[in-house]
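Coordinate inspection notes
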Amino acid sequence: MIVHDAESAVLETPLELLREHLLTPKEIMFVRNNQLLPGALTLSPNPSDRWNLELSGLVMPARTVSLSELSRLEQTLTVAVLQCAGNGRAFYARSAMASGTQWRRGGMAQVSWQGVRLRDLLDSLDLRVSANASFLAAEGLDPAATPAGDDYEQSVPLEDVLNTALLATSMNGEPIPAIHGGPLRLVIPGYYGSMNVKWLSRLRFEEGRSSSRHHAQRYRTFRDRIEPGTAPDVTEETTSSTWHQKIKSVIWAPVEEERRFPGPINIGGVAWNDGRTEIVAAELSTDGGNTWCRVNLEAPLSPYGWYPWHATLWYGGNRQLASGGTFRDLRVRAFDAYGRSQPDNGSVHWNPSGYEWYGVDRVKIDLH
Ligand SMILES: Nc1nc2c(c(=O)[nH]1)N[C@H]1C(S)=C(S)[C@@H](COP(=O)(O)O)O[C@H]1N2
Ligand SMILES: [Mo]
């Protein structure tokens, strides 16, 4: 793993490992903790048999739900891409460096989650949510990083997630590992990783959004274009939360600066988005973006999953290069059914914290 922070555990998956699996095994799955956790980061802050999920706010009656109660309710299985909103942040440095972990492409994973859909939980426990409740606030049990710091909490639009959000207890067919939020995690397929609150302890149904710094100040992008390197004030009017994942594709083979010799070169990667609109095509350029051709796109395991794509480039060799080698610029971009794609220059969406990078992916390979 690429260790960005060993103390709190911020770990990125190298592409050479990520591309080996359709479902990312827990052993190589990226980790992003905002807090310092006790127990060497591998222990759940509370044992499963004493875990309670508190449901409060604009819901009647307010109550707690134990894990064994959850396990008796109807279970739903979903495959989804979990991606840190900061994945790709390092590429913003092409215009100005954004602050935070310099993730490249490996701050993501595709896993299967199992749990109880929020809608099913409310229906089967006969809970009534007030019509005034527009947001769902989710709180994790991890302590704030400093005594005065805010708890990790996020809110999401209730209506939008009611049928998709999962109170997940299993990942890839086994109990969710503690480091990934076990025993209970809020999983919102299609949403950025930051909204998938680990060690879920409380869900509040509310009229407004969470005032936690992690929600109100962090994990936001500016609605209008801002000058790279500047940091305008963050207000509710000028910024949006990192909720729905933007359409994105990456090249994960070959990897950056990989050396290739005459013969076929297998190029491949994945494309994905928020799962609300089908991805219909991906295009590859082998000449730095001048010309593009369609690549083979495979169906995803779920609308929220990766669409694998691949192409073969024939490299005939070039005697003039025999000694030195030369770089070839590969680029990929995906399109959804609405025709939406990725910006050629991802930095047009520059923001101080470097969230939601979804620029055309570029990889240089070294031809010999
Ligand atoms: N309680 C809690 N949930 C959290 C976080 C956290 O620090 N605390 N980090 C979030 C962020 S920013 C990301 S990208 C994902 C990372 O999930 P993973 O560690 O399972 O890969 O968890 C999210 N959920
Ligand atoms: Mo994240």
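Look above for the structure.
Described below are features of the structure shown in this document.

What counts and how
Residues numbered from 1 in each chain as written. Chains lettered and ligands numbered in written order. Predicted model: local features only at pLDDT ≥ 70, side-chain atom pairs only at ≥ 80, totals over all residues. Heavy atoms only, no water. Helix = DSSP H or I, 4+ residues; strand = E, 2+ residues; numbered from the N terminus. Rg over C-alpha atoms; globule rule 2.2 N^0.38 Å. Buried < 20%, exposed > 50% of the residue type's maximum accessible area, 1.4 Å probe, protein only. Contact = heavy atoms within 4.5 Å. Areas by Shrake-Rupley, 256 points an atom, 1.4 Å probe, with all protein chains shown as cover. Lys, Arg positive; Asp, Glu negative; His and termini not counted. Charge placed at Lys NZ, Arg CZ, Asp CG, Glu CD. Near = heavy atom within 4 Å. Polar contact = N/O pair within 3.5 Å; in protein donor to acceptor, adjacent residues only side chain to side chain. Nonpolar A, V, L, I, M, F, W, Y, C, P; charged D, E, K, R; others polar. Pairing = 2+ DSSP bridges. Core = buried A, V, L, I, M, F, W, Y, C linked by side-chain atoms within 4.5 Å.

To continue, consider the overall build of the protein chain. Tallying secondary structure elements over the protein chain gives 5 helices and 26 strands in all. Scaling as 2.2 N^0.38, a compact globule of 368 residues should have a C-alpha radius of gyration of about 21 Å, and the protein chain matches this with 21 Å. Overall, the protein chain is about 75 × 45 × 40 Å in size when its C-alpha atoms are taken along their principal axes. Taking all 368 residues of the protein chain together, 54% fall into the buried category. Considering only contacts in the protein chain between residues 6 or more positions apart, those separated by 24 or more positions represent 71%. Accessible area of the protein chain: about 16000 Å², with a carbon and sulfur share of 49%. Placing the 36 positive and 42 negative side-chain charges of the protein chain at their respective mean positions leaves the two points 4 Å apart.

Relative to the assigned elements, Glu-139 resides in strand E10 (residues 135-140). A C-alpha to C-alpha distance of 6.8 Å links Glu-139 and Val-197, two positions 58 residues apart in sequence. The contact partners of Glu-139, leaving out residues within four places of it in the chain, are Asp-151, Tyr-152, Glu-153, Val-197, Trp-199, Leu-200, Ser-201, Arg-202 and Arg-204.

Let us now look at the site of ligand 1. Around ligand 1, the surrounding shell holds 19 residues, and the nearest of these are Phe-30, Asp-142, His-180, Arg-185 and Lys-198. Side-chain polar atom of Arg-185 to an oxygen atom of ligand 1: 2.8 Å apart, as the coordinates give it. Within the contact set of ligand 1, a nitrogen atom lies 3.1 Å away from a backbone nitrogen or oxygen of Asn-196. Computed on the free molecule, ligand 1 has an accessible area of 530 Å², of which 100% lies beneath the protein chains in the complex. Its residues assigned to classes, the shell around ligand 1 shows 8 nonpolar, 7 polar and 4 charged.

Pairing in this open sheet of 3 strands is antiparallel, and the strands run E1-E2-E3 from one edge to the other. Since the sheet does not close on itself, it has two edges, and those belong to strand E1 (2-5) and strand E3 (31-32), each with one partner. Bridge count between strand E2 (residues 10-12) and E3: 2 bridges; the pairing is antiparallel. Opposite Leu-11, over in E3, you have Val-31 as the bridge partner.

Inspection of the secondary structure assignment puts Leu-297 in strand E23 (residues 296-297). Given a relative accessible area of 26%, Leu-297 falls into the partly exposed group. Each C-alpha atom of the pair Leu-297 and Ile-279 lies 9.1 Å from the other, and the pair is 18 residues apart in sequence. Every residue in contact with Leu-297, bar those within four places of it in the chain, is listed here: Ile-279, Val-280, Ala-281, Ala-282, Tyr-307, Pro-308 and Trp-309.

A few words on the nonpolar core. By size, the foremost hydrophobic cluster in this structure holds 41 residues, and its most contacted members are Leu-70, Leu-118, Leu-121, Leu-167, Leu-200, Leu-203 and Phe-205. Elements with a contribution of two residues or more to this core: strand E4 (52-57), helix H2 (67-71), helix H3 (118-124), E10, helix H4 (158-161) and strand E15 (200-206).

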